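Coordinates in review
Chain residues, written in single-letter form:
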Amino acid sequence: MNRSTVQATYQLSDQVLNDYDTWVRRDETEPAERQYDDADLVYLQTIAALYTMGFTAEEVAIYLQFDEMDQRTTEQRLRLLTRKRKERLAEIHQCESQVAAIDYLRFHLNADSQNVHDRTQ
């Protein structure tokens, strides 16, 4: 498949394709002339998934370097994924705390509003 077909079929961004071409393929061919096969798709989907998970370009590059080495790097890749998971959970907990604070203020505003309403009747 050519680049435009891969991009349209798998909904991949230019960044994912460019990063793959730079980091994995190291391809000097013009982008429009490149052909991608099933092995390429595995890498492309991994890159897209890592970006979706919130990995930075640098983190994606590190992950792919480990992936290219061999099975001995499974532990390093798991560490990267675990760290990113902890970061995301921390963000979720922070958002939960913010929502709780919003709910607290809303509750008090509604209670104050109800008290004013009750006094005027």
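The structure under discussion appears in the preceding block.
Okay, so let's go over this structure.

Analysis parameters
Residues numbered from 1 in each chain as written. Predicted model: local features only at pLDDT ≥ 70, side-chain atom pairs only at ≥ 80, totals over all residues. Heavy atoms only, no water. Core = buried A, V, L, I, M, F, W, Y, C linked by side-chain atoms within 4.5 Å. Buried < 20%, exposed > 50% of the residue type's maximum accessible area, 1.4 Å probe, protein only. Helix = DSSP H or I, 4+ residues; strand = E, 2+ residues; numbered from the N terminus. Contact = heavy atoms within 4.5 Å. Salt bridge = Lys/Arg side-chain N within 4 Å of Asp/Glu carboxyl O.

Once that is clear, we can look at the nonpolar core. The biggest cluster of nonpolar side chains holds 17 residues, and the ones touching the most others in it are Val6, Leu44, Ile47 and Val60. Mapped onto this core, the elements with two or more residues apiece are helix 2 (14–25), helix 3 (38–52) and helix 4 (57–69). It is helix 3 that contributes the most residues to this core, five residues altogether. Apart from residues no more than four positions distant in its own chain, Val6 is found in contact with Met1, Gln11, Leu12, Leu17, Tyr36, Leu41 and Leu44.

Before going further, it helps to spend a moment on the pattern of salt bridges. Under the defined criterion, the tally for this structure stands at 11 salt bridges. A salt bridge links Arg3 to Asp14; the nearest nitrogen and oxygen atoms lie 4.0 Å apart. Here the residue Arg3 occupies a position in helix 1 (residues 3–10), and Asp14 occupies one in helix 2, the gap between them amounting to 11 residues. Arg3 gets classed as buried once you look at its relative accessible area, which sits at 10%. The exposure class of Asp14 is partly exposed, given its relative accessible area of 44%. The closest approach of N and O atoms between Asp103 and Arg106, which form a salt bridge, is 3.8 Å. With Asp103 and Arg106 both in helix 5 (residues 74–120) and three residues apart, this pair spans about one turn of that helix.

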